[in-house]
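A look at the structure
This is what each chain is made of:
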Amino acid sequence: MKRLPIILDGDPGHDDAIAWVFAKADPRLNILAVTSVAGNQTIEKTTLNARRICALLGIDAPFAKGAVRPLVNPPVTAGNWHGESGLDGPKMPQPDQEMSELTASDLMAKVIRESQDPVTIISTGPLTNTAQLLLIHPEVKENIGRISIMGGGVTHGNWVPAAEFNIWEDPEAAWIVFNSGIPMTMSGLDVTEKALICPEDFPRIEGVGNQVADIVLGWLKFFYMYPMQIGYAGAPVHDPCAVLALTHPEIFQMQDLHVDVELQGELTRGETVADFRSWSDAEKNVTCVLGIDREKYIDLLIDALRTYDGREVPV
Ligand code: BDR
Ligand code: CA
């Protein structure tokens, strides 16, 4: 079986962690590298979380610590959603792997250069590392097959009215990636706020009965509290959409559109502006993921969790 070479780049983060649960569970994906980025919490915290998630799931790909801060903006964290640690909730194993001495963008460049097949970057945090990769190592662009992100949205924002957190945090990085000419898949809020996991789903997750499922349940029990307080019907578990849009496109609705990133607007900085005009001749640079079959999403989570049966690491 030919496996799709991927890089996991994120700011874990409960939903980043669950995205990586899906990625590691799918035998059709070959994880070449994992990189952290500042976003949901400081780089020190997201890096520790990322390494602990790798230990939990048995991801043994090279790991590099990523950008300390966005390219231009001052760093802002999202402790209201993810807690003080960035991954509050159940106890986690200690990291069991060395960190690469390379920066995230240098490690990305190395594995992309060495890969026989074009590499897909799955980014579930601010796009700082990927933008640095394209700025510092433009020659590797030829061997990047696609960049699949959680970020943006074609109708609304969450952190501010017009912009979603990952894009708002580092709009210049997003602009560089969206204007790179590399094929992109954007799982924005249009789909990810429909990727709800609700308390009614918890018994099915509990029923799986392995360590990874128990920890995922613990993450969800923490992660659903804040969105429920502010009016969501469950936890919008955003980031797995960036993985599943590649592996299970049949559960989504998608539309190819031209999308660009607003950098100037006083109210709209960080907005992803999509061109829906049928007569537009702007190049359709992004496959926008707009809808999801939520029931199938939960079924896929249960299937993914079952692949960890028999795995148990000390916490
Ligand atoms: C995005 O922001 C983060 O809090 C989540 O991990 C997700 O990637 C949602 O706006
Ligand atoms: Ca994230």
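Scroll up a little and you will see the structure.
Counting starts from 1 at the beginning of each chain's written sequence and moves along it residue by residue. By the order in which they are written, chains take letters starting at A while ligands take numbers starting at 1. pLDDT decides what is reported in this predicted model: residues at 70 or higher carry local features, side-chain atom pairs at 80 or more are listed and counted, and totals for whole chains, interfaces and linings draw on all residues regardless. In computing side-chain values, all of the structure's heavy atoms are included and hydrogens and water are not.

Re helix H10 (residues 211-223)
Put simply, the test is: The helix count covers DSSP runs of H or I at least four residues long, the strand count covers runs of E at least two residues long, and both are numbered beginning at the N terminus. Working rule for helices: expected span equals 1.5 Å times residues minus one. Burial classes follow relative accessibility: with a 1.4 Å probe on protein chains only, a residue under 20% of its type's maximum area counts as buried, one over 50% as exposed, and anything between as partly exposed. In the analysis that follows, any N or O atom pair within 3.5 Å is treated as a polar contact, provided that within protein one partner can donate a hydrogen and the other can accept it, and provided that, for residues neighboring in sequence, both atoms belong to side chains.
A rise of 1.5 Å per residue sets the reference length of H10, with its 13 residues, at 18 Å; its end C-alpha atoms lie 18 Å apart and thus fit the reference within 8%. Every buried residue of H10 is listed here: Gln211, Val212, Ala213, Ile215, Val216, Leu217, Trp219, Leu220 and Phe223. N-capping of H10 is provided by Asn210, with a side-chain oxygen placed 3.3 Å from the backbone N of Val212.

Comments concerning the packing of aromatic side chains
Rules: Between the rings of Phe, Tyr and Trp (Trp by its six-membered ring), a pair exists once the centres lie within 6.5 Å; its type follows the angle of the planes, with under 30 degrees stacked, over 60 edge-to-face, and the other angles tilted.
Per the counting criterion, the structure on display carries seven aromatic pairs. Taken together, a centroid distance of 6.2 Å and an interplanar angle of 15° make the contact between Phe22 and Tyr297 stacked. Linking Phe22 in helix H1 (residues 14-25) with Tyr297 in helix H13 (residues 294-306), this pair joins segments that are 275 residues apart in sequence. Each member of the pair, Phe22 as well as Tyr297, carries the same accessibility label: buried. Pairing Trp159 with Trp168 gives two aromatic rings, centres 6.0 Å apart and planes at 45°, and the pair type is tilted. Classification of Trp159 by relative accessible area gives partly exposed; the value is 26%.

Section: the environment of Met225
For Met225, the location among the structural elements is in helix H11 (residues 225-229). Along the sequence, Met225 and Pro118 sit 107 residues apart, while their C-alpha atoms lie 40 Å from each other.

Some points on the coordination of the calcium ion (ligand 2)
Stated formally: Listed donor atoms are N, O and S within 2.8 Å of the metal (Na, K and Ca: 3.2 Å). As water is not included, a site may look incomplete.
Here the calcium ion (ligand 2) is held by the protein donor atoms Asp11 (OD), Asp16 (OD), Asp16 (OD), Thr124 (O) and Asp239 (OD), which lie 2.2 to 2.6 Å from it. The class for Asp11 is buried, based on a relative accessible area of 0%. Since its relative accessible area comes to 1%, Thr124 is described here as buried.

Structural notes on the sheet that holds strand E5 (residues 144-150)
Counted only if it meets this: At least two DSSP bridges between two strands are needed for those strands to be called paired. Here, two residues are considered to be in contact whenever any of their heavy atoms come within 4.5 Å of each other. All axes here are fitted lines through C-alpha atoms, helices being fitted over the stretch that makes contact, and every angle between N-to-C directions spans 0 to 180 degrees.
Taken in spatial order, the nine strands line up as E3-E2-E1-E4-E5-E6-E11-E9-E10 in an open sheet, and their pairing is mixed. Every interior strand has two partners, whereas the edge strands, strand E3 (63-64) and strand E10 (272-275), have only one. Here seven bridges tie strand E1 (residues 4-10) to strand E2 (residues 29-36), and the two strands are oriented parallel to one another. In the sheet register, Ile6 faces E2, and the bridge partner there is Ile31. Sitting on the sheet, helix H7 (residues 171-178) is in contact with E5, strand E6 (184-187), strand E9 (252-261), E10 and strand E11 (286-292), with an inclination near 110° to E9. Sheet contacts for helix H12 (residues 240-247): E2, strand E4 (119-123), E5, E6, E9 and E11; angle to E5, the most-contacted strand, approximately 135°.

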